[in-house]
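# Coordinate analysis (summary)
Listed here are the chains, written in short residue letters.
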Amino acid sequence: MPSSRKKPDSLLESLSEKLSKSSDLEQRSLCTAEHQVKLIYLKSVCDSATLNRFILTPFFETESEQSYENYIASFPGTTSSEDIKEILDYILQGRVGIVFNSGKIYLFEAVRVEAGPVQDAQTEVIVQGPSDSFNESLEVNMNLIRRRYQSHDLKVETTTVGNKSKTSVAIMYDQTRIDPDVLAEVKRRLEGIAIDILQAAAELDKYLSANKFRLFPTTIVTERPDRAVFNISEGKIVLLVDTAGYAVILPAIFNDFFTAMDDKLQVLPVGWFLKTIRYIGLIMTVTLPAFYVAFTSFNTEVWKVQIALLVSGSRATVPYPSFMEVILMLLMMEFLTEASLRLPKAIGPTATTVGGLILGTAATEAGLVSNIMIILVSAVAISNFVIPLNMMGFTIRVLKYGFIFLGTIYGLLGVVLGMVGVVMYLTGLRSFGKPYFRMFAVDRAKVSSSSKGERTDG
């Protein structure tokens with residue numbers, strides 16, 4: 001809580017005690033014949049060039065302490081405080097404490113931002129359109145959005161999350177298109193996050209969810225500024241996290257995860273064709289392994305005689321049931337996928353490609369798996385990667401094992417019931433009050449009374 005103004009020595013002593021045993025703590029006294037000030041800052045988070053140019057050099061060029069104080073007070077970004085806790089927080093954020101003989105302290109913004117340049121998107125690659133991506137600097141990310149959305153209706157509110165990290169989170173939205181109930185709900189959930197450290201946008205997404213055990217993502221985590229701008233124009237909210245090269249977009253509907261940013265650049269029939277291909281890939285990834293198990297072990301009468309004989313001949317040397325064959329090969333594919341992500345980039349693609357070829361060929365020749373199984377697993381792996389956003393891709397990778405379980409226990413009936421159950425689950429899901437399974441509707445939120453009364457995501 002606010003305290004009375006302290007003398008300079010007492011103030012510095014209190015700050016030094018709070019920051020004791022910090023090797024990067026720097027305390028200096030600047031003296032001339034006319035005036036004297038004292039500095040306290042952390043050199044690991046302050047920019048030395050800014051310090052020398054805007055603090056040290058002007059000090060020796062001013063004639064009096066009052067002139068220097070007026071200069072510091074009028075500098076953009078400079079604040080003044082008498083609360084020890086607030087002053088300490090500012091110093092930890094990268095500000096320089098300038099203490100005058102009057103006992104007044106100014107916090108000069110000299111934070112050093114270690115962020116790489118704006119680079120091309122790595123996880124959401126498109127064929128046409130802008131290729132830049134967010135980086136670890138909050139200011140740079142806001143600049144990337146404002147360059148594309150030059151409207152005075154675009155508003156930015158900043159808050160902090162994390163008791164220890166004090167991570168800045170920017171809330172960006174168009175005030176003429178945003179649903180005020182959604183905005184209020186987002187602010188309420190941000191205030192209710194009680195964690196010590198926040199370092200990633202995906203981590204923020206996890207804590208914003210009302211249902212911690214949901215299967216499908218209800219927010220979009222993206223690295224593309226153009227996707228963020230497009231969703232702001234549709235009345236959605238974009239959350240930018242400092243030190244994270246990704247943004248969180250909310251609310252999200254199911255169809256958003258199957259939309260690539262270059263779909264809008266295609267002629268309408270081509271765009272619809274590409275989106276149809278993605279939904280076909282979704283259905284193939286989820287159901288193909290389960291259908292294989294169901295048709296092989298339970299419902300063999302569904303196949304024609306020629307296909308049944310082909311499958312039986314292919315599985316003649318396989319020593320275990322079809323569901324074990326499917327799970328074994330899918331797990332091998334999961335191992336290869338994870339290895340391709342974790343191995344060094346120089347050898348990752350080569351190692352996983354060669355490993356997959358050798359593994360598939362050796363398993364087939366040894367009679368451990370059928371040739372048809374190799375084809376099926378390859379089709380499942382390829383169709384899974386047609387989904388533009390990885391968050392949904394991870395969900396689908398897990399979901400197919402549930403369908404395999406149902407196909408193993410109940411056959412074709414279990415697969416059909418599983419599909420019905422997933423559709424029912426999606427129709428009941430909400431993303432910050434918005435229906436999640438509103439497939440092809442544009443969520444252009446307007447300020448209206450009809451938006452009231454919608455329940456939050458469960």
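Below: a short report on this structure. Per chain, residues are indexed from 1 in the order of the written sequence. Predicted model: local features are reported for residues with pLDDT of at least 70 only, side-chain atom pairs are reported and counted for 80 or more only, and whole-chain, interface and lining totals are derived from all residues. Excluding hydrogens and water, the side-chain figures rest on all heavy atoms present in the structure.

### Brief notes about helix H7 (residues 201-208)
Regarding H7, the residues found buried are Ala-201, Leu-204, Asp-205 and Leu-208. Each buried residue of H7 lies within a common arc of 105° when the element is viewed along its axis, so the set occupies one face. Contacts from the buried residues of H7 go to strand S7 (167-174), helix H6 (180-191), strand S8 (220-222), strand S9 (237-241), strand S10 (247-250) and helix H14 (390-410). Only protein chains enter the accessibility calculation, which uses a 1.4 Å probe. A residue is then buried if its area is under 20% of the maximum for its type, exposed if over 50%, and partly exposed in between. Helix numbering and strand numbering both begin at the N terminus, where a helix is a DSSP run of H or I of at least 4 residues and a strand a DSSP run of E of at least 2. Directions pointing from the helix axis toward each C-beta atom define the arc. A contact between two residues is defined here by any heavy atoms of the two lying within 4.5 Å.

### Some points on the packing of aromatic side chains
Between two aromatic rings, the relevant description is the distance of the centres plus the angle of the planes. Put simply, two rings from Phe, Tyr or Trp (the six-membered ring, in Trp's case) pair if the centres are within 6.5 Å, and we call them stacked under 30 degrees between planes, edge-to-face over 60, tilted for the rest. Applying the stated criterion across every chain yields a total of 17 aromatic pairs. Ring geometry for Phe-100 against Tyr-106: centres 5.7 Å apart, planes inclined by 90°, an arrangement best described as edge-to-face. The class of Tyr-106 is buried, set by a relative accessible area of 7%. Ring centres 6.5 Å apart and planes at 50° place the aromatic pair Phe-257 and Tyr-436 in the tilted group. Of the two residues, Phe-257 sits in the loop between S10 and helix H9 (268-297) while Tyr-436 sits in the segment after strand S12 (434-435), which places them 179 residues apart along the sequence. Of the two residues examined, Phe-257 and Tyr-436, each falls in the buried class. Through a chain of ring-to-ring contacts, the aromatic side chains of Phe-54, Phe-59, Phe-60, Tyr-68, Tyr-71, Phe-75, Phe-100, Tyr-106 and Phe-108 assemble into a single cluster.

### Quick look at the sheet that holds S10
If DSSP finds at least two bridges between two strands, the strands pair. With antiparallel pairing, 5 strands are arranged side by side in an open sheet as S6-S7-S9-S10-S8. Two strands lie at the open edges of the sheet, namely strand S6 (154-161) and S8, each paired on one side alone. Each strand of the sheet is rotated relative to its neighbour by a mean of 25°, with strand direction disregarded. Taken together, the 3 bridges between S8 and S10 define a ladder with antiparallel strand orientation. What sits directly across from Val-221, in S10, is Val-248. A fitted line through C-alpha atoms serves as each axis, taken over the contacting stretch for helices, and the angle formed by two N-to-C directions is quoted from 0 to 180°. Across the sheet, H7 touches S7, S8, S9 and S10, and the angle it forms with S9 is around 125°.

### What to know about the nonpolar core
The biggest cluster of nonpolar side chains holds 37 residues, and the ones touching the most others in it are Ile-145, Phe-216, Leu-240, Phe-254 and Met-392. Residues belong to one nonpolar core when they are buried, are Ala, Val, Leu, Ile, Met, Phe, Trp, Tyr or Cys, and are joined through side-chain atoms within 4.5 Å. Ile-171, Leu-204, Val-221 and Val-248 belong to the second largest nonpolar core, which has 24 residues in total.

### Concerning the pattern of salt bridges
Here, a salt bridge means any side-chain nitrogen of Lys or Arg that lies within 4 Å of a carboxyl oxygen of Asp or Glu. As enumerated under the stated definition, the model contains 17 salt bridges in all. Arg-148 is the partner of Asp-132 in a salt bridge, and the nearest nitrogen-oxygen pair spans 2.7 Å. Residue Asp-132 is found in the loop between strand S5 (105-109) and helix H5 (138-148), and its partner Arg-148 is found in helix H5; the two are separated by 16 residues along the sequence. When its relative accessible area of 16% is taken as the criterion, Asp-132 is described as buried. When its relative accessible area of 30% is taken as the criterion, Arg-148 is described as partly exposed. The shortest N-O distance in the salt bridge between Lys-187 and Glu-157 comes to 2.8 Å. Pair noted here: Lys-187 is in helix H6 and Glu-157 is in strand S6, with a separation of 30 residues, a long-range link. By relative accessible area, Glu-157 is classed as partly exposed at 27%.

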